[in-house]
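# Geometric and topological summary
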Amino acid sequence: MTSLQPNASLQSPDQGPFQRKALQFQPSLSRNRWNLFFTLLSAGFAGICVLPLFLVLAYVLFKGGSLISIQLLTQLPPAPGLEGGGIGNAILGTIIITLLASLIAIPVGVGGGIFLSEYSTSGPFAQFVRFGTNVLAGVPSIICGVFVYGLIVSTRVFAGQSYSALAGAIALAVLMLPTVIKTTDEALKLVPDELRWGALGVGASKFITITRITLPSAFSPIATGVVLAIARAAGETAPLIFTALFSPFWPEGLLNPIASMSVLIYNFAIMPYEAQISLAWAASFILVVMILAANLFARYLSRFAKA
Amino acid sequence: MTPFALADAFRLRRRSGSEKLVDQGFRQLTIVLASIVGLVLLGILLTVLSGSKEAIDAFGFKFLTTSSWDPVSEKYGAFTAIYGTIITSLLALLIAVPLGVGTAIFITENLIPLRVRQFLGLMVELLAAIPSVVLGLWAIFVMEPFLRPILEAVNQVFGWIPLFSTVPQGPGVAPAILILVVMILPIITAISRDSLMQVPPELRQAAYGIGTTRWGAILQVILPAAVSGITGGVMLALGRAMGETMAVTMIIGNSTNFSWSLLAPGNTISSMLANQFGEADGIQVSALMYAALILMILTLVVNVFAQWIVRRLSLKYS
C-alpha cells in the first residue's frame, strides 16, 4: 500500500512533493501572458499584411468592374475633355507586346535552361550564366527600359523607327528571361536520371532524349514558371514608357508606338479629366483579372508537377 | 553506382553522322542561347556606361552630392534622388520586416487550421502579382486621401522634427514609403516562410522538452536558426524597393527640390527616370543615364550581397 502513496498525494491537491496546481496551465503566468501577446501580435501583422490586397482588389473590382461594357472593350480612348470611349487599343496592344515578348523570351530562356541542366551543370561558363541570370533578375525594370532605349530607340536601328512595339517587347523579354531560364533549369533537374538512362538504352540520341523525354516530363513546372513570367510582364509599365510609348490609335504594325493597358493607367491616372481616370480604373480591372487568372492557372498547372 | 557518367554514355555511343550533326548543332544552339544572358548584361552595362560618359566627365563625383537639377542652366546633381531612393527603401524595409516576418511565423505555426493558413499564404502571393501601376492608381485615389488627415496631424504634433516639418499637400515621400511596404511585404513573407519551414522540427521539440513556451521556442530557437534565409530575403526586398518605379513615381510627387521632410514631395532615381527620360535631350539624357548607373550599382551590390548571404551563411540541415 505504501508504494501507492505518491499517486495518492497527486490526487489530493495540497499534499505531497508535487502540487497539482503547478501541472496545470496557468494563463496568469507572465510567460503565458507574453505568449498570448505575441500570438495576437503576429495575427494582427498577418491581418495588416492581407488587408492591402483586399482593399486594392475591392476598389479595382468595384470601381473598374462597374465600368465594363462592350463599348469600353472595343472603342478608342476619347480625346482629353470628351466623354465615353474605350480601351480597345490598349487591350490589343498589351496582348501583342506580351505575346511578342514571350516569343523572344521563351525559346531563349528554355534553351539556356537546357544548356544549364543537360549539358553543363557545373562548368565555369554554366556558373557564369547562373550568376548572370540572378543578376539580371535583380536589375530594376526601369533599367531594362533605359537599355532598350539606348540600344534600339535612340539609334533607330529598326527601319529608322524610334519608339516601337518591337522595342517594348524586347524590353519585356529581357525582364522575362531570368525567370524562364531559372524555372527551366530547376524543372529539368527534377527529372530523374533513370529516364535519361532509359532513353539511352533504347538508342535515343541526346537531342531526341531532351526533346522527347526530358522536356515533356518537365513540362508542367516549366509551364508554371512561363505563365507566371508572362503574367508579370503583362503588368509591367516601367520598361514600356519610353520604348513602346503610347498611342491613342489602333496598333499600326510592330514598328510604330503601341498602346498598352499599363501605360494607359499611368498616363490617364495623372490627367485631370474624369473620363480618363475612369478608363484607368477600367484598365486596372481588366489587367488585374487577367493577371490573377494567370496566377491561379499557374497554380493549377503546378499541381500536375507534384503528381 | 554507374561505371561512367551519363554525359559520357551519350558521347561514347556509336552514332551515325547525321545524328552526330543534330546532337552537336543542338548543343551549340543551347550554348548560344545561354550566352544571351551574358550579352544582355554586358549590353545593359555598356549602354548605361556609354550614355552616362558625358555627364560623368561634366559633373564627376559632385553629381552624387549636389542637389540642383536645372535643365535651363544644365547643372545636374542627383543627391535628392539618391537620398529619396535610400530613405524610401530603408524606411519601407523598417516597417515591412516586422510585419512580413510576423506574418510568416503566423502562417508557419499551427495556431489556426491548415486551410486558413494556406489561404493566407495564397493571398500574400496574389498581392505580389498585382501590377505596380495598379497599386499606384490605388495609392493616388484611395490611400493618399485617406492618409492625408493622419499625416497632417503628425505634422502638427511633430512639426519641430525636420522629418515632419512640412504640411502635407498630396503626393509625398511618406505615401510612397507605405506603397513600397505593400510591394515588398510579399517577398519578405514568402522567403521568411520558406526559411522557417526548413528549420528541422527536432529543434522545436527539444525547446518544448526543456519547458519553454511556443514563443520562447520561436524567438530563441527557430528564428535564430532561420535568420540567414530571412536576411537574404530582406536584402532581395531592399533591392526590389530601390528599383521599384511605377507606384512610387505616381505618388511621390516628383520634385527635384531637396527637403528633409518625409511629408514633402520628393524623388527617387527610378521615378526621375520614368518621369523625365522620355522628354529629355542633350546632357540631361546623359545625366539621367548617370543616375541609372548609380541605381544599377546600388541594386547590384545589394543583390550580390543577398545571394552571398544566402549561400554562405545558410545553415544546412540534411
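For every chain, the first residue of the written sequence is number 1, and numbering continues from 1 onward in sequence order. Ligands are numbered from 1 and chains lettered from A, in the order in which they are written. Reporting in this predicted model follows two pLDDT cut-offs: at least 70 for local features of residues, and 80 or more for side-chain atom pairs to be given and counted; totals over whole chains, interfaces and linings ignore these cut-offs and use all residues.

Another aspect to go through is the overall build of chain B. From N to C terminus, chain B includes twelve helices and two strands. Taken over C-alpha atoms, the radius of gyration comes to 25 Å for chain B, far larger than the 20 Å a tight globule of 318 residues would show. For chain B, the C-alpha atoms occupy an extent of roughly 75 × 65 × 35 Å along the three principal directions. Any pair of residues counts as being in contact when their C-beta atoms, constructed from backbone geometry, are within 7 Å of one another. Considering only contacts within chain B whose residues lie at least 6 apart along the sequence, 76% involve residues at least 24 apart. Strands here are runs of E lasting at least two residues and helices are runs of H or I lasting at least four, both read from the DSSP assignment and numbered beginning at the N terminus. Between the two quantities, the radius of gyration covers C-alpha atoms and the globule rule is 2.2 Å times the number of residues to the power 0.38.

Take the overall build of chain A next. Counting its regular elements, chain A contains twelve helices and zero strands. Walking chain A from its N terminus toward its C terminus, one meets helices and strands in the order α-α-α-α-α-α-α-α-α-α-α-α. Since a compact globule built from 307 residues should have a radius of gyration of about 19 Å, the 29 Å found for chain A marks it as more spread out than a globular shape. Overall, chain A is about 105 × 65 × 35 Å in size when its C-alpha atoms are taken along their principal axes. Long-range contacts, defined as pairs at least 24 residues apart, comprise 72% of the intrachain contacts of chain A with a sequence gap of at least 6.

Okay, the packing of helix H8 (residues 193-201) of chain A against helix H9 (residues 206-217) of chain A next. Residue and element names in this part refer to chain A. Each axis is a line fitted through C-alpha atoms, and for a helix only the stretch in contact is used; angles between axes span 0 to 180 degrees, taken between their N-to-C directions. Look at H8 against H9: their axes get within 10 Å of each other, and the N-to-C directions meet at 155°. Judged by the angle between their axes, H8 and H9 are roughly antiparallel. Considering the relative orientation of H8 and H9, their crossing is right-handed. Counting all contacts with H8, which are made through Leu195, Arg196, Ala199 and Leu200, the residues of H9 involved are Thr209, Ile213, Thr214 and Ser217. Residues are grouped as follows: Ala, Val, Leu, Ile, Met, Phe, Trp, Tyr, Cys and Pro are nonpolar; Asp, Glu, Lys and Arg are charged; all remaining types, including Gly, are polar. Within the contact of H8 with H9, the residues separate by chemical class into four nonpolar, three polar and one charged. By definition in this entry, angles of less than 35 degrees are roughly parallel, angles greater than 145 are roughly antiparallel, angles of 65 to 115 are roughly perpendicular, and the rest are oblique. Take the far helix as the reference: if the near one is turned anticlockwise from it by less than a right angle, the crossing is left-handed, and if turned clockwise, right-handed.

Each α-helix winds once per 3.6 residues, and so residues spaced three or four apart point in a common direction. Exposure in this text rests on C-beta crowding, where 20 or more other C-beta atoms within 10 Å of a residue's own make it buried, 12 or fewer make it exposed, and counts in between make it partly exposed. The C-beta atoms are placed from the backbone. By the criterion of burial, helix H11 (residues 261-269) of chain A is predominantly enclosed, with nine of the nine residues buried. All buried positions along H11(A) are accounted for by A:Met261, A:Ser262, A:Val263, A:Leu264, A:Ile265, A:Tyr266, A:Asn267, A:Phe268 and A:Ala269.

With that out of the way, let us pick up the confidence of the model for chain B. All names here are of chain B. Across chain B, the average pLDDT comes to 88, with 96% of residues at or above 70. The least confident element of chain B, judged by mean pLDDT, is helix H1 (residues 6-12) at 71; the most confident is helix H4 (residues 79-108) at 93. In the model output, the complex is listed with pTM 0.88 alongside ipTM 0.88. For every residue, the predictor reports its confidence as pLDDT, a number between 0 and 100.

We now examine the interface of chain B and chain A. Note: interface size is frequently given as the accessible area lost on complex formation between the parts. Contacts between chain B and chain A engage 74 residues on the former and 72 residues on the latter. Counting residues per element, the side of chain B that touches chain A draws most heavily on helix H2 (residues 17-59) of chain B, at 20 residues. Grouping the amino acids of the side of chain B that touches chain A by side-chain chemistry returns 49 nonpolar, 20 polar and five charged.

With that settled, the discussion passes to the confidence of the model for chain A. Interpretation of this model should avoid reading the predicted coordinates in detail wherever pLDDT is low. When the pLDDT values of chain A are averaged, the result is 87; 92% of them are 70 or greater. Put simply, helix H1 (residues 5-11) of chain A is where chain A has its lowest mean pLDDT, 47, and helix H4 (residues 88-119) of chain A is where it has its highest, 94.

This part takes up the environment of B:Phe277. Of note, B:Phe277 is situated in the loop between helix H11 (269-276) and helix H12 (283-313). The spatial distance from the C-alpha of B:Phe277 to the C-alpha of B:Val199 is 47 Å, given a sequence separation of 78 residues. Setting aside residues no more than four positions away along its own chain, B:Phe277 makes contact with A:Val146, A:Tyr149, A:Phe242 and B:Leu288.

This part covers unusual backbone geometry. Residues and elements named next belong to chain B. The phi dihedral of Glu74 is positive, around 55°, even though this residue is not glycine. Its identity is not glycine, yet Asn254 carries a phi of approximately 50°, on the positive side. We classify Asn254 as buried; it has 21 C-beta atoms within 10 Å.

Here the focus is the packing of H4(A) against helix H10 (residues 219-235) of chain A. Residue and element names in this part refer to chain A. Interhelical geometry of H4 versus H10 gives an angle of 140° and a closest axis separation of 10 Å. The angle between H4 and H10 places the two elements in the oblique class. As for how H4 packs across H10, the hand of that crossing is right-handed. Contacts from Thr94, Thr98, Ala101, Ser102, Ile106 and Val110 of H4 reach H10 at Ile222, Val226, Ile230, Ala233 and Ala234. Considering only residue class, the contact of H4 with H10 consists of eight nonpolar, three polar and no charged.

Residue and element names in this part refer to chain A. Locating Pro77 in the fold gives a position in the loop between helix H3 (70-74) and H4. In this structure, the C-alpha to C-alpha distance between Pro77 and Ser247, residues 170 residues apart in sequence, is 9.7 Å. With residues up to four places along the chain from it excluded, the contact list for Pro77 reads Gly85, Gly86, Ile87, Pro248 and Leu279.

Residue and element names in this part refer to chain B. Residue placement: Met272 occurs in helix H11. Taking the number of C-beta atoms within 10 Å as the measure of exposure, Met272 has 28 and is therefore buried. With sequence-adjacent residues up to four places away left out, Met272 is seen in contact with Ala81, Asn267, Leu288 and Ala291.

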